[in-house]
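Residue-level listing of the chains:
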Amino acid sequence: MGIIKFIKDYTLPLAMITGALTHQWVGQLSFLTPYLIFTMLLITFCKLSLKDIRFHPAHLWLLLIQLVGSAGIYFLLRPFDETVAQGAMLCMLAPTATAAAVITGMLGGNVGFLTAYLLFCNIAVAIAAPLYFSFIGVHEQLSFMQSVWLICRQVFPLLILPLFIAVALRKFVPAVHKALLSLPRLTFYLWTVALVIVMGITVNFMINHRNISLKTGLGLAGVSLILCCLQFVFGRRLGRKYGDPVSSGQGLGQKNTILALWMAQTYLQPLVSLAPATYIIWQNIVNAWQLWRKNRRER
């Protein structure tokens, strides 16, 4: 019984350690990443009823910080290092993690608020990401509109299609919809599996890029650490004004780093992947600490 409790309390750090130790094998499962993202979003959106989705003033502030802040940090750092600037932008632009709703519930926050923000945030990123990546200069051989279309065609379905499928299941196949709702912690377990895989990818990436300059490597890891801490802090401070620091903190700070890693590897310079890769480590240290502190207070 003690072992089971230990595993439950330390699922996140155990997943990170497992992924790091088995990187040679789990790193080869990177092709599963978009499918895991899709499935986690589908299950999360199945919990939503369109009539229950309500826009809260705090949502607007969180979106402004995320969208304006990501562009601002890019232009601020661009004169010093283009790669670090892209990594910083991605650490802020990445949408909220699907498992954030699960962590929010475990921390005693408002799951409804967070789930609604998850929807708004993913829609906003699906629209903004193609524009941002096009301005940065990816796919330079294409025109601006061609680049927007290419990126949007791949990013938008991954983020938005699960919503339409969830709505369709609720209306036309209620039995399947009910079955998905009967597995409330499945998203967390899927996210744990994804975390193991992405940690394996991260370690493989670091091993394969040992020749990365110390300045760029430290810059990407350092900026992701700073932005991770700032987003959790600013989110909680904003949420405190509306009486719910946990939900806003998780909404702004806990990123879908798996999606961010995929976007970096697909659309930006390969080295940019180090920023969301290290962000994975920082945010899960924060989450593990928050859960440990809450459990300690309750005991």
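All of these numbers come straight from a predicted model, not from anything done at the bench.

About the thresholds
Residues numbered from 1 in each chain as written. Predicted model: local features only at pLDDT ≥ 70, side-chain atom pairs only at ≥ 80, totals over all residues. Heavy atoms only, no water. Helix = DSSP H or I, 4+ residues; strand = E, 2+ residues; numbered from the N terminus. Disulfide = S-S within 2.5 Å. Buried < 20%, exposed > 50% of the residue type's maximum accessible area, 1.4 Å probe, protein only. Axes fitted to C-alpha atoms, helices over the stretch in contact; angles between N-to-C directions. Parallel < 35°, antiparallel > 145°, perpendicular 65-115°, else oblique. Left-handed = near helix turned anticlockwise from the far one by under 90°. Contact = heavy atoms within 4.5 Å. Phe/Tyr/Trp six-rings, centres within 6.5 Å; stacked < 30°, edge-to-face > 60°.

**A closer look at the environment of Val167**
Link 1 in the chain: Mapped onto the secondary structure, Val167 falls in helix 9 (residues 144-172).
Link 2 in the chain: Considered as a pair, Val167 and Leu48 are 119 residues apart in the sequence and their alpha carbons are 8.6 Å apart.

**Structural notes on the state of the cysteines**
Link 1 in the chain: What the rule picks out here adds up to 0 disulfides.
Link 2 in the chain: Cys229 provides the cysteine sulfur closest to Cys228, a residue in no disulfide bond, and the two sulfurs are 5.4 Å apart.
Link 3 in the chain: Taking relative accessible area as the criterion, Cys228 reaches 1% and is therefore assigned buried.

**A short note on the packing of helix 11 (residues 186-208) against helix 15 (residues 274-298)**
Link 1 in the chain: The interhelical angle for the contact between helix 11 and helix 15, taken along N-to-C directions, is 135°, at an axis separation of 10 Å. Here helix 11 lies oblique to helix 15, going by the angle between them. For the pair helix 11 and helix 15, the sense of crossing is left-handed. Residues Trp191, Leu195, Val198, Met199, Thr202, Phe205 and Met206 of helix 11 lie in contact with helix 15, whose contacting residues are Leu274, Ala277, Thr278, Ile280, Ile281, Gln283, Asn284 and Asn287.

**Considerations on the packing of aromatic side chains**
Link 1 in the chain: The tally for this structure, following the rule as stated, stands at 2 aromatic pairs.
Link 2 in the chain: Ring centres of Tyr74 and Phe75 lie 5.2 Å apart, and the angle between their planes is 70°; on these two criteria the pair is classed as edge-to-face.

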